[in-house]
Amino acid sequence: MSNLAPCVDLSNGQKMPVVGLGTWQLQKNEAREAVKKAIDVGYRLIDTAYVYENEKEVGRAVNEKIATGIIKREDIFVITKLDTRHHKPMLVERACRESLLKLSLDYVDQYLIHFPVGEGFVDYMDTWKAMENLVDLGLAKGIGLSNFNAKQIDRVLKNCRIRPVVNQVECHPGFNQKKLIEFCRQRNIVIVAYSPLGRPISAEKWPPYLYDKTVQNMAICHCRTPVQICLNYLLHLGVIVIPKSVNPDRIAENFRCFDFQLDPDELKVMDDYHTGELITFN
């Protein structure tokens, strides 16, 4: 289908779409409707987590679309994450199976450690070794990290049996993560950007990279919107983006960000919005 986003090749052989739907803070029914709309638009990557408390509705939407024949299970890339309460190795498989039960899926395409620090100060390397078993059992096609820094990633790589394929972190023009992106690229790990739009506040015209006249003019030149300019910039950096929305029009708008290219001067404009300031963890 021509309306699907391109994919990147991960180090374990998986192909992962470059644009997905984030579902953080999406309440139960709105998560279900957002996922259904996203699949209709062309999204084939859906991101959720145990702590989001919407896995059941995400899974219901995915399975409804499979049942209608719009997609097959192998067409959709589903990510969920291990909660900090389940870092003890004895709890990891149980937590994954609980997520799969909620999702009504036999496996997830990726299972991530949501944060490097869990309850009880469990060493994340012990957690990682239990994560590797999930791949052996066929419960997860791939495993990865979320909110890990370079030092923590290096420690995993030096001590792992199965390598992490992604690291999901906050990434947007205001905090473009260029150093971490390059660090991970050299180690065949792909960055997945959550909060890629910086959590806009329209009443305050924030952040500037969505409201400044320069970006608005850039968008006009490409017959796009500032949102699509922002997401395209991140794709240029080599990251996968998972913008979140429940609005059908915005879900469609967010998706149409991969089929044009910013020129070097435009990329420099976007680079200059980097402040080095995080918003918050996801």
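Residues numbered from 1 in each chain as written. Predicted model: local features only at pLDDT ≥ 70, side-chain atom pairs only at ≥ 80, totals over all residues. Heavy atoms only, no water.

You'll find the chain entered in an unreviewed UniProt entry as NADP-dependent oxidoreductase domain-containing protein, with Glossina pallidipes given as the organism.

Of the volumes computed, that of the largest pocket is approximately 590 Å³. Contributing to the lining of the largest pocket are 26 residues, with Leu197, Arg199, Pro200, Lys244 and Arg250 lying nearest its centre. Of all the secondary-structure elements, those providing two or more residues to the lining of the largest pocket are helix H7 (208-211), helix H9 (226-237) and helix H10 (248-255). Looking at side-chain class alone, the lining of the largest pocket contains 13 nonpolar, 8 polar and 5 charged residues. If you trace the second largest pocket, you find 20 residues lining it, with Pro17, Arg44, Glu74, Asp75 and Ile76 closest to the centre. Of the residues belonging to the lining of the second largest pocket, the class tally is 12 nonpolar, 2 polar and 6 charged. (1 Å grid on protein atoms, 1.4 Å probe; cavity = no way out; pocket = protein on both sides within 12 Å on 5 of 7 lines; lining within 4 Å. Points joined across faces, edges and corners; volume = space filled by probe spheres on them. Helix = DSSP H or I, 4+ residues; strand = E, 2+ residues; numbered from the N terminus. Nonpolar A, V, L, I, M, F, W, Y, C, P; charged D, E, K, R; others polar.)

Here we take up the pairing of strand E8 (residues 166-170). Among the 5 residues of E8, 5 are classified as buried, and the element is accordingly described as predominantly covered. Tracing the backbone out of strand E7 (residues 140-146), into helix H5 (residues 150-159) and back to the parallel element E8 gives a crossover that is right-handed. Of the strand pairs in this sheet, E8 and strand E9 (residues 190-194) are connected by 5 bridges, and their pairing is parallel. Bridge pairing in E9 links Asn167 to Ile191. At this point the chain moves from E8, through helix H6 (residues 178-185), to the parallel E9, and the crossover so formed is right-handed. (Buried < 20%, exposed > 50% of the residue type's maximum accessible area, 1.4 Å probe, protein only. Right-handed = clockwise from strand over helix to strand, strands pointing away. Pairing = 2+ DSSP bridges.)

The next thing to look at is the packing of aromatic side chains. Inspection of every chain in the model, using the stated rule, returns 4 aromatic pairs. Seen in terms of ring centroids, Tyr124 and Phe148 are 5.3 Å apart; in terms of plane orientation they differ by 80°. Their pairing is edge-to-face. Here Tyr124, found in helix H4 (residues 124-137), pairs with Phe148, found in the loop between E7 and H5; they are 24 residues apart in sequence, far enough to count as distant. Both residues of the pair, Tyr124 and Phe148, belong to the buried class. (Phe/Tyr/Trp six-rings, centres within 6.5 Å; stacked < 30°, edge-to-face > 60°.)

Take Tyr233: it is sitting in helix H9. On the basis of relative accessibility, which here comes to 0%, the residue Tyr233 falls in the buried class. C-alpha separation for the pair Tyr233 and Lys129, spaced 104 residues apart in sequence, amounts to 35 Å. Ignoring anything within four residues of it in the chain, the contact list for Tyr233 reads Pro173, Asn176, Lys178, Leu262, Leu267, Met270 and Asp271. (Contact = heavy atoms within 4.5 Å.)

Residues given the UniProt feature "site: Lowers pKa of active site Tyr" (unreviewed entry) here are Lys81. Position of Lys81 among the secondary structure elements: in strand E5 (residues 77-82). Its relative accessible area of 0% is what places Lys81 among the buried residues. Dropping the residues within four chain positions of it, Lys81 is found in contact with Asp47, Thr48, Ala49, Tyr50, Tyr52, Tyr111, Leu112, His114 and Gln168. (UniProt positions renumbered as here; feature names shortened; annotations may be inferred.)

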